[in-house]
Amino acid sequence: MSFSPISPVFGLEERSEMTPMQQWAASLQDVQQPQSLPQLLLQPASQAPGGNLMSQLGTLLQTLVPLLQQLVFSLSQQYAPLLNSLSGSPSAMGPSSIGAPPPSSMAPPVSAPPPSFAPPAASPSAAPSPVSSVSAAAPVAAPVSSPQLPAAHGVKEAAARTQPRFVPVLRGDEQQKDSQIKTQADFGRAADEVAREYGLDPNLFRAQLQSESNAFKQDFRKSMQAEGDLDRASENNTSIGLGQISRKFLDGREWSDGGPGNARVGSQVVSTEQYLNSPTVQLRMAASNLTQRIADHGGLEQGLAYYVSGNADPSNSHAAQYLANIEQAMNDPAVIGPGR
């Protein structure tokens, strides 16, 4: 048995004959039902205004269902943007897409694979400082090269890019590296690589090697055998090689001012034989020596001043001339060109 819904228009006389509940329900019927939602039809036992309680409840439910549908629809329109933002749904879907199947253009969600196991991260207090030291017990590994920036053309410009790193000289790869250095171009590329490993500007490092041993304007092999500070020959402390390293740093004597086996460069002792026969070892010792002077004396200019004169004041006459020579070499194509 079916019946028609109550008409949304009632005369005053008709309303006066209805119960209060029916009058309230009739007034709510003024809210228009959306056409896109299905309408639920109930079939109460009777439609007569004076019918029994069940018929009145049926009439009321028949009236309330579309009203509730209208309410839900209105709320979904009003609050859909908020719900979408909370749930992470794209706003372009719009409020009307709630409860609707996704468009065919939308790919179904793909579940992410389970994360692989990784050890817990170290606590902030255990984070290494920007200038890291190498423990004596730590395995010797090649450092990660710093990002390549355009090389500097002045000492002050290079100073702004200098970040000294303490890494070992001997890493077990010296023979393999040496086998790749056959020409001046190979030597130039090797010098650049070592400079970046130790946090130095490549042009600055090349210019220092040129100032120390004429490493780029003659065959690098000849510069590897160069010997200076001959006035100290009686002390067996002349300076040798590409970076003119004092002999006191070799053969079991101190390979740094900190004494034999300085922990910050891997607690290593480099022999004269290892040094003289390996361009890789010579490049690394020159870079390591400079980075330690920079760190110990407050900056690049001070480190270079101490490197050449034993006096960290860049204004002393010996240091000032040394810095001028380096600056000139940093702009000499014969120095900064090979291998690039």
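Residues numbered from 1 in each chain as written. Predicted model: local features only at pLDDT ≥ 70, side-chain atom pairs only at ≥ 80, totals over all residues. Heavy atoms only, no water.

Colleague: Just to check I follow, could you spell out the overall build of the protein chain for this structure?
Modeller: Across its full length, the protein chain carries 13 helices and three strands. When burial is assessed residue by residue, the protein chain has 40% of its 340 residues classed as buried. Put simply, of all contacts in the protein chain between residues at least 6 apart along the chain, 62% involve residues at least 24 apart. (Helix = DSSP H or I, 4+ residues; strand = E, 2+ residues; numbered from the N terminus. Buried < 20%, exposed > 50% of the residue type's maximum accessible area, 1.4 Å probe, protein only. Contact = heavy atoms within 4.5 Å.)

Colleague: Mind showing me how you'd approach the pattern of salt bridges here?
Modeller: A side chain with one charge can pair with a side chain of the opposite charge if their charged atoms come near. The full count for this structure, using the stated rule, is 14 salt bridges. In this structure, Arg171 and Glu197 form a salt bridge, with 3.1 Å as the shortest nitrogen-oxygen distance. Separated by 26 residues along the polypeptide, Arg171 in the loop between α4 (155-160) and α5 (174-178) and Glu197 in helix α6 (residues 184-197) bring together distant segments of the chain. By relative accessible area, which is 11% here, Arg171 ends up buried. Classification of Glu197 by relative accessible area gives buried; the value is 4%. One salt bridge connects Glu174 with Arg284, and the closest N-O pair in it is separated by 3.1 Å. Note that Glu174 is positioned in helix α5 and Arg284 in helix α10 (residues 279-297), a separation of 110 residues in sequence. Arg284 carries the same exposure label as Glu174, and that label is buried. Linked through salt bridges whose partners overlap, the residues forming this network are Asp173, Glu174 and Arg284. (Salt bridge = Lys/Arg side-chain N within 4 Å of Asp/Glu carboxyl O.)

Colleague: What is the right way to look at the packing of aromatic side chains in this model?
Modeller: Each aromatic ring pair is characterised by the separation of its centres together with the angle its planes make. Taken as a whole and judged by the stated rule, the model has two aromatic pairs. When the centroid spacing of 5.2 Å and the interplanar angle of 45° are considered together, the rings of Phe187 and Phe216 count as tilted. Residue Phe187 is found in helix α6, and its partner Phe216 is found in the loop between α7 (202-213) and α8 (220-224); the two are separated by 29 residues along the sequence. You'll find Phe187 and Phe216 in the same group, each marked buried. Here Phe187 and Phe220 contribute two aromatic rings whose centre-to-centre distance is 4.9 Å and whose plane-to-plane angle is 5°, an arrangement assigned as stacked. Taken together, the positions of Phe187 in helix α6 and Phe220 in helix α8 put the pair 33 residues apart, joining distant regions of the chain. The exposure class of Phe187 is buried, given its relative accessible area of 0%. The class of Phe220 is buried, set by a relative accessible area of 2%. Among the aromatic residues, those joined into a ring-pair cluster are Phe187, Phe216 and Phe220. (Phe/Tyr/Trp six-rings, centres within 6.5 Å; stacked < 30°, edge-to-face > 60°.)

Colleague: Just checking my understanding: could you explain the layout of surface pockets for this structure?
Modeller: Any space left empty among the atoms is revealed by the rolling of a water-sized probe across them. In this model, the largest pocket occupies a volume close to 540 Å³. Along the walls of the largest pocket sit 23 residues, with Asp229, Ser246, Tyr307, Val308 and Ser309 positioned nearest its centre. Those elements giving two or more residues to the lining of the largest pocket turn out to be α7, β3 (245-246), α10, α11 (300-309) and α12 (317-329). For the lining of the largest pocket, a count of residues per class yields six nonpolar, 11 polar and six charged. (1 Å grid on protein atoms, 1.4 Å probe; cavity = no way out; pocket = protein on both sides within 12 Å on 5 of 7 lines; lining within 4 Å. Points joined across faces, edges and corners; volume = space filled by probe spheres on them. Nonpolar A, V, L, I, M, F, W, Y, C, P; charged D, E, K, R; others polar.)

Colleague: What exactly am I supposed to notice about the environment of Asn214 here?
Modeller: Mapped onto the secondary structure, Asn214 falls in the loop between α7 and α8. Linking Asn214 and Val335, residues 121 residues apart in sequence, is a C-alpha distance of 9.3 Å. If near-sequence neighbours (up to four positions away) are discounted, Asn214 is found in contact with Leu209 and Ser223.

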